[in-house]
Amino acid sequence: MEASADGSRGRWALRFLCPKRSLLSPPSASPLRWLIGAPRVLPPFTIAAALRPLHADGAAPDLPREADEIRGLLPRGFDIVGALLVGGEGSDADAGRALELARSLRERLLGAAASHGMVGVRMDAASGEIRFVASESGGTGAVEGVEIVWEDEPGMLLWEKGCLLRCELPLKLPLYVPADEISGIEERFSSLLESTFAKLSDPHVLYLVEGPIASNESRHSIILHGNDLSFDSHLPGNSKTKECTTSSVSCSEFFPEKRYSLSLTRENADAIEITVLSNQSVGSLKPGTAPVVDYFPAPAPASLRVINLKLDILCYSPIDLPVPVAVSELVIPGLADQTSVMKKIIASEITQQAQLCPYHFIPLGLHIPVTTIYDTRYGEIEEKQSSSLLRDVHREIPSSGVSGGIMSLIDGSYEYYHYLHDGIDDNGWGCAYRSLQTIFSWYKLQQYSSIDVPSHREIQQVLVEIGDKDPSFIGSREWIGAIELSFVLDKLLGVSCKIINVRSGDELPEKCRELARHFETQGTPVMIGGGVLAYTLLGVDYNDASGDCAFLILDPHYTGTDDLKKIVNGGWCGWKKSVDSKGRSFFLKDKFYNLLLPQRPNMV
């Protein structure tokens, strides 16, 4: 879409690559979201991600601390493009306030006003209605008749137009500290870092640029010299712009094969690798001369402390950007950003030798990578756990048969728990237990909890401990329902649940709109209990105009082996209509039903 320069006329397109639930989910402490884009890669006013502030009191963020957090979190190439305020009541002035907060944060982050368009958004928490103001050249204007787009395949836009660059740089920095000047360690450390990064543009520094390994085991590579790079004036230690002296090789030339949606599940996937090399001997000696050692005695007794840094950064670059420009304007500033973050951690305890290690990952609900830095002295490791259970079995099922419906599904992964699993014979009485285990697995796989999925006996013990059941309940084959499941989720995970009661199976289709809202905003599995059976609900397909709907049912009554084809073909996971084409009712007319809607935790 096109718009006028002042942002007050014409039509704009506000394009979201992040799911609506990432905006609507209940805020932990603040209704504010930072909107992240990539102005050099993506179309104007494209929102790639929405991040909750880490340091905010309500809608009043601590901007200096927020800027410090985002500097280490976001890869270079992604940028602040706006802010959003969520609320039940408010005015368009909220959108303007959000825009001003975003401008202020970006100026603190990069030291300059944005040269790209920015937006301030107000979203109604109940209806999801969006109002926003936009700025392209400093002014603001309310936008009418706007097209708001929610991308179905955000990865396609992100990774067709852009690519990742990764640079790992281990550093051993010698820090000489006079015995009588302990108070000056931080200043000396900062000076050492500045001199180290000033050398990254030295002609003796080389950059080995390598593309991903192709199917024929080959990879495209080039060498850049320090004087091949082109620096922006805002980089530390550079007051003028250098022109590239080599031919401009674009990033696209490192991807000879068609690229698909990025997946960081395997290390270094689809990233151009940048390795920093140094050849200090080039041009330092004249032919026929011998090396000379200079001796500079220390003016006072001093101790040597070697500071080990392991830098590891990602950058997001336009696919057609020349590599020398990408290294100059993304990679080197990215290394400087990460060093700045590490410096603040190390300087506070420089005598303790912190062991900092960056990790890259894509959090659930986001489509862009982020970076976090762990101090490995404290045992921050990822433990891989294997499981024999089937996951996400609904991905293989056929369509629902609802014409013109809107599909609202579970967000994230789960494990399929059913009768007879783990050698426990619960045939005829354990369906609600199995539904609870499936729900519990969702919270674990989404990293909301590290607690193991409880067994039938452990579920029963919880209900006895809270006083809901007598001690004789442990080891029994008594049924449980939605209320008991809510007690267990609250006790073990601190998860709150909403419960919907219906008097008859005929009334369940009337709840489709409310269920669709749940999957769009919470994304958790739902337990349907009542009568004599319990099921797990993974989604709904609902046509608001006709009222036609279908329920995506995961049936815990399955007693066979974990054979995906058998489960899907047998209808143990599939779309169910309240009344099928032959007039048969899936939900019984003479039975009541309780629907348990677990809520997503309020977390950053």
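Residues numbered from 1 in each chain as written. Predicted model: local features only at pLDDT ≥ 70, side-chain atom pairs only at ≥ 80, totals over all residues. Heavy atoms only, no water.

## Brief notes about the packing of aromatic side chains
Thinking step 1. Counted according to the given criterion, the structure contains 14 aromatic pairs.
Thinking step 2. For the pair Tyr443 and Tyr448, a centre-to-centre distance of 6.3 Å together with 55 degrees between the ring planes defines the contact as tilted.
Thinking step 3. The ring of Phe473 carries Lys469 above its face, with NZ or CZ at 5.4 Å from the centroid. (Phe/Tyr/Trp six-rings, centres within 6.5 Å; stacked < 30°, edge-to-face > 60°. Lys NZ or Arg CZ within 6 Å of the ring centre and 35° of its normal.)

## A short note on the environment of Ala38
Thinking step 1. With respect to the helices and strands, the residue Ala38 is situated in the loop between strand 2 (32-37) and strand 3 (46-47).
Thinking step 2. Residue classification places Ala38 among the buried residues on the basis of a relative accessible area of 2%.
Thinking step 3. Ala38 sits 42 residues away from Ile80 along the chain, and the two C-alpha atoms are 8.3 Å apart.
Thinking step 4. With sequence-adjacent residues up to four places away left out, Ala38 is seen in contact with Gly77, Phe78 and Tyr316. (Helix = DSSP H or I, 4+ residues; strand = E, 2+ residues; numbered from the N terminus. Buried < 20%, exposed > 50% of the residue type's maximum accessible area, 1.4 Å probe, protein only. Contact = heavy atoms within 4.5 Å.)

## Some details on the environment of Ile466
Thinking step 1. Mapping Ile466 onto the fold places it in the loop between helix 8 (456-465) and helix 9 (482-493).
Thinking step 2. Separated by 21 residues in the primary sequence, Ile466 and Phe487 have C-alpha atoms spaced 8.3 Å apart.
Thinking step 3. With residues near it in sequence (within four places) discarded, Ile466 still touches Phe487 and Lys491.

## Quick look at the pattern of salt bridges
Thinking step 1. Taken as a whole and judged by the stated rule, the model has 20 salt bridges.
Thinking step 2. Between Lys469 and Glu484 there is a salt bridge; the shortest N-O distance is 3.1 Å. Residue Lys469 is found in the loop between helix 8 and helix 9, and its partner Glu484 is found in helix 9; the two are separated by 15 residues along the sequence.
Thinking step 3. Assessed through its relative accessible area of 19%, Lys469 is described here as buried.
Thinking step 4. Among the charged side chains, a network of salt bridges with common partners joins Asp68, Arg71 and Lys344. (Salt bridge = Lys/Arg side-chain N within 4 Å of Asp/Glu carboxyl O.)

## Notes on the sheet that holds strand 13 (residues 205-210)
Thinking step 1. On the basis of which strands lie adjacent, the open sheet formed by five strands has the order 14-13-15-12-16 and mixed pairing. The strands lining the two open edges of the sheet, one partner per strand, are strand 14 (221-225) and strand 16 (302-318). On average, each strand axis in the sheet is inclined to that of its neighbour by 20 degrees, with strand direction left out of account.
Thinking step 2. Across 17 bridges, the pairing between strand 12 (residues 162-178) and strand 16 is antiparallel. Directly across from Arg166, in strand 16, lies its bridge partner Leu314.
Thinking step 3. Relative to the sheet, helix 4 (residues 154-161) contacts strand 12 and strand 16, its axis offset from that of strand 12 by approximately 65 degrees.
Thinking step 4. Contacts from helix 5 (residues 185-198) reach strand 12 and strand 16 within the one sheet, and its direction differs from that of strand 12 by about 135 degrees. (Pairing = 2+ DSSP bridges. Axes fitted to C-alpha atoms, helices over the stretch in contact; angles between N-to-C directions.)

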